[in-house]
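# Residue-level structural notes
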Amino acid sequence: MSTSTKTYSKSIPNAPEDNRPIEVRSNLEYGKQSSNEYLYVSKHPVGEPLPTPIDDDPPYPIYLLTYLNYLILIIIGHIRDFFGKIFKPQEYKHLVEKDGYAPWYDGFESFYVRRLKTRIDDCFARPIYGAPGRYIKCFNRIRDGKTGYLYDGTSKECLNLSSYNYLGFAQSSGVCTDFALKCVDEYGTSGCSPRLYCGTTDLHRECERVIADFVGKEDAIIVSQGYGTNATFFASVADSKTLIISDELNHASIRFGIRISGAIVKVYKHNDMKDLEQVIRTQIAQGQPKTHRPWKKIIIAVEGLYSMEGNMCNLPEIIELKDKYKCYLFVDEAHSIGALGPEGRGICDYFSVDPARVDILMGTLTKSFGATGGYIAGDRVLIDRMRLDYQTNSYSESVPPPVLGQIISSLNVIRGTLNPGEGQERLQRIAFNSRYLRLGLKKLGYIVYGADDSPVIPVLLFLPSKMPAISRMLYDLGIAVVVVSYPATPLASARVRLCVSSALTKEDLDYVLEKFSQIGDLLYLKFSSGIAGGCKVPGQPPRWSIEDVLATNVEDSKRPKLL
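Definitions and cut-offs
Residues numbered from 1 in each chain as written. Predicted model: local features only at pLDDT ≥ 70, side-chain atom pairs only at ≥ 80, totals over all residues. Heavy atoms only, no water. UniProt positions renumbered as here; feature names shortened; annotations may be inferred. Helix = DSSP H or I, 4+ residues; strand = E, 2+ residues; numbered from the N terminus. Rg over C-alpha atoms; globule rule 2.2 N^0.38 Å. Buried < 20%, exposed > 50% of the residue type's maximum accessible area, 1.4 Å probe, protein only. Contact = heavy atoms within 4.5 Å. Areas by Shrake-Rupley, 256 points an atom, 1.4 Å probe, with all protein chains shown as cover. Pairing = 2+ DSSP bridges. Axes fitted to C-alpha atoms, helices over the stretch in contact; angles between N-to-C directions. Parallel < 35°, antiparallel > 145°, perpendicular 65-115°, else oblique. Left-handed = near helix turned anticlockwise from the far one by under 90°. Phe/Tyr/Trp six-rings, centres within 6.5 Å; stacked < 30°, edge-to-face > 60°. Lys NZ or Arg CZ within 6 Å of the ring centre and 35° of its normal. Domains from an automatic or database assignment. Buried area = accessible area lost by both parts, 1.4 Å probe. Salt bridge = Lys/Arg side-chain N within 4 Å of Asp/Glu carboxyl O. pLDDT = per-residue confidence, 0-100. Expected span 1.5 Å × (residues − 1). Arc of directions from axis to C-beta. Core = buried A, V, L, I, M, F, W, Y, C linked by side-chain atoms within 4.5 Å.

The protein goes by serine C-palmitoyltransferase in an unreviewed UniProt entry, where it is assigned to Candida parapsilosis. Among the UniProt annotations of the protein, the heading Sequence similarities (unreviewed entry) holds the following wording: "Belongs to the class-II pyridoxal-phosphate-dependent aminotransferase family." In its Cofactor (unreviewed entry) section, the UniProt entry covering the protein states "pyridoxal 5'-phosphate".

Pasting the structure below:
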């Protein structure tokens, strides 16, 4: 496609109208299941320890080539910077002193973004429109210079493995949409109607009640942004006399919230219960810095499901340690609520743990429920206190009524009080889809991280050059994925992160596996030794053919433990 044959615009055009019948559009947003065989219940066996995921390692030459690739890119980038400042100074004026003012960023601080990320910028932040359901609509664009893009007004429809639409509630039609529109009619878009004041309404109270009942806590408080839910929470419950023990892979919002709270933070190795206990014992013995007085309180902060690694916290053992040493426990369920457990109630439901044993449950409403915002759930005394000094709740705008309607209706669908049966089907579909795709990729020879039931499936690429290659090739084949690298992951652990949804059908996943099989052979991405997958099985070759994968994967993915 060239600029001589089409007229392009630098601004994103209006979304093309979709004039297809509503039945067709609905199927594109949430696929029809072809068989009840493709269902599974997500639940961990009671009393069994959580198996430690085996992180398969690639051959040593892959590691060496990964670092060598980065070294070459860095050397080339510095050479271009050196000669660019001499021959094209106008392109570097933002990196040098001007009128006595220092630059905001020097060349070293912005080097990674300028010289590495911009090479593959077309793989990130692709503009979309419409509902991000089973399919996602992406605007077509071409590069215009180093950072700009030109849009021709056309779009491409891709299978969606890039959105956190775990239960497929992000639809433009259905009972949730009808309920949200009803809330618009009754409350307006901001909650300010002639019979109501702006801010908290009876709809907000109803939403908080439904959330608290769903997660099994006495009360809940909702805020309008998921990141902000964590970012100011710890400032409400912690101070300089508080110790917060944080998992090393906790989300940036948790780390940011801990920093602004002024609390002392200690980090333990990811999901390492021995290290966690050692940190707790050491800090109890030492006490507060300088004074060595006992800590005012100790809070253990973990995530239910880690979004980059695809694994879960070892909740039963963490609770045992929490009870043993009289600590408080904070669990971030941004990715686990709605996506795990036979009732979709998150990590407690998955492990059959009484939610009363977890002091604070946090979650977002963006991912599994097709809405926005987040919540904090806990004892009524705690929530009543937070209504007074929780900054995100006190100083941000309230959640709009149509969003509240989406939250309430989606939770009621999951609980079975609205459209009975639909919620259970959605939960069992995502459980099956997650296991089916994960096992298929392992059999094909990919290194895949994470727990068996996790809807987040990180597929390791390692070499930086593989990221743009697989992203562009899958996009051309009609599959939208997310590629992730440093600083979101370790430097040598670049990956493509697949986000599974109940909106996808088994046939969709078969198509994805077929294309991954082809691309894996073409790009040499099948690094697995077989120790963590289903490759080393008597009578099977080291790498399963796609035909064998599709023939056996349904039965194998429904076993309690994947191969």
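What follows is about the overall build of the protein. Looking only at helices and strands, one finds 18 helices and 14 strands in the protein. In terms of C-alpha radius of gyration, the protein reaches 25 Å, essentially the compact-globule figure of 24 Å for 563 residues. With the principal axes as the frame, the protein shows a C-alpha extent of 65 × 65 × 65 Å. For the protein, the residues scored as buried account for 53% of the 563 residues in total. Counted over contacts in the protein with a minimum sequence separation of 6, partners at least 24 positions apart contribute 72%. Of the roughly 25800 Å² that the protein leaves accessible, carbon and sulfur atoms contribute 55%.

In the UniProt entry, the feature "transmembrane region" (unreviewed entry) is given for residues 60-79. Helix makes up 100% of residues 60-79 and strand makes up 0%, while its end C-alpha atoms are separated by 29 Å.

So, on to the pairing of strand β9 (residues 360-364). Counting buried positions along β9 yields five of five residues, so the element is predominantly enclosed. Burial along β9 is two-sided: Ile 360, Met 362 and Thr 364 and Leu 361 and Gly 363, pointing in opposite directions, are all buried. Where strand β8 (residues 328-332) meets β9, three bridges bridge the pair, whose relative direction is parallel. Paired with Phe 330 across the bridge in β9 is Ile 360. Looking at chain direction, β9 and strand β10 (residues 374-378) are connected through four bridges and run antiparallel. Residue pairing for β10: Thr 364 is matched across the bridge by Gly 374.

A few words now on the packing of helix α15 (residues 422-444) against helix α17 (residues 506-523). The relative placement of two packed helices is expressed as an angle between their axes plus a distance between the axes. Axis separation between α15 and α17 bottoms out at 10 Å; the angle between their running directions is 20 degrees. The angle between α15 and α17 places the two elements in the roughly parallel class. For the pair α15 and α17, the crossing hand works out as right-handed. Judged by residue contacts, Phe 432, Asn 433, Tyr 436, Leu 437, Gly 440, Leu 441 and Leu 444 of α15 engage Lys 506, Leu 509, Asp 510, Val 512, Leu 513, Phe 516 and Ser 517 from α17.

This next bit is on the sheet that holds strand β2 (residues 135-144). An order of β1-β2-β3-β12 is seen for the four strands of this open sheet, with the pairing classed as mixed. Strands with a single pairing partner mark the edges of an open sheet, and in this sheet they are β1 (128-129) and β12 (479-480). Relative to strand β3 (residues 148-160), β2 runs antiparallel, the two sharing nine bridges. If you follow Ile 136 over to β3, its bridge partner there is Cys 158.

Let us now look at the sheet that holds strand β7 (residues 297-303). One open sheet holds the seven strands; their spatial order is β4-β10-β9-β8-β7-β5-β6, and the pairing between them is mixed. Either end of the sheet is taken by a strand with one partner, and the two such strands are β4 (219-223) and β6 (264-268). Averaged over all pairs of adjacent strands, the angle between strand axes in this sheet comes to 20 degrees, irrespective of strand direction. Judged from the five bridges that link them, β4 and β10 form a sheet pairing that is antiparallel. Directly across from Val 223, in β10, lies its bridge partner Gly 374. The sheet contacts of helix α5 (residues 202-215) involve β4, β9 and β10, and relative to β4 the element is tilted by about 125 degrees.

Applying the stated criterion across every chain yields a total of 17 aromatic pairs. Seen in terms of ring centroids, Tyr 227 and Phe 256 are 6.4 Å apart; in terms of plane orientation they differ by 45 degrees. Their pairing is tilted. Taken together, the residues span a long stretch of sequence, with Tyr 227 in helix α6 (residues 226-231) and Phe 256 in helix α8 (residues 252-261) at a distance of 29 residues. Taking relative accessible area as the criterion, Phe 256 reaches 32% and is therefore assigned partly exposed. By way of ring pairs, the aromatic residues Tyr 63, Phe 462, Tyr 524 and Phe 527 are connected into one cluster. Sitting over the ring of Tyr 475, Arg 126 keeps its end group 4.4 Å from the ring centre.

Let's shift gears to the domain arrangement of the protein. Each domain of the protein was delimited in the assignment, giving domain 1 (60-119), domain 2 (129-160 + 422-558) and domain 3 (175-415). A separation of 29 Å is found between the C-alpha centroids of domain 2 and domain 3. With 19 residues of domain 2 at the interface, the matching set in domain 3 holds 16 residues. Taken over both partners, the interface formed by domain 2 and domain 3 buries close to 1400 Å², and the fraction arising from carbon and sulfur atoms is 59%. Our count for the domain 2 to domain 3 interface comes out at one salt bridge.

Turning our attention to the confidence of the model for the protein. For the protein, per-residue confidence averages 90 on the pLDDT scale, and 93% of positions sit at 70 or higher. Ranking the elements of the protein by mean pLDDT puts helix α1 (residues 22-29) last, at 74, and β8 first, at 98. Here residues 1-5 scores under 50 on pLDDT; set against residues more than four positions off or in separate chains, the count is seven contacts.

Moving on, we get to helix α18 (residues 546-557). Between its terminal C-alpha atoms α18 stretches 15 Å, which fits the 16 Å expected from 12 residues at 1.5 Å a residue. Next to the buried residues of α18 lie α15 and α17.

Before going further, it helps to spend a moment on helix α10 (residues 315-324). Turning to α10, its buried residues number three or more, namely Leu 315, Ile 318, Ile 319, Leu 321 and Lys 322. The arc that holds the buried residues of α10, viewed along the axis, is 160 degrees, so those residues lie on one side. Facing away from the buried surface of α10 by more than 90 degrees, the exposed residues are Glu 320 and Lys 324. On its buried side, α10 packs onto β6, α9 (273-286), β7, β8 and α11 (347-351).

Let us look at the nonpolar core. With 66 residues, the main nonpolar core has Ile 211, Leu 276, Val 302, Leu 315, Ile 318, Leu 329 and Ile 347 as its most contacted residues. Counting residues domain by domain, this core receives three or more from each of domain 2 (129-160 + 422-558) and domain 3 (175-415). Apart from residues lying up to four places away in sequence, Ile 211 is in contact with Ala 220, Ile 222, Leu 365, Tyr 375, Ile 407 and Leu 411. By size, the runner-up hydrophobic cluster in this structure holds 46 residues, among which are Val 459, Ala 494, Val 500 and Leu 509.

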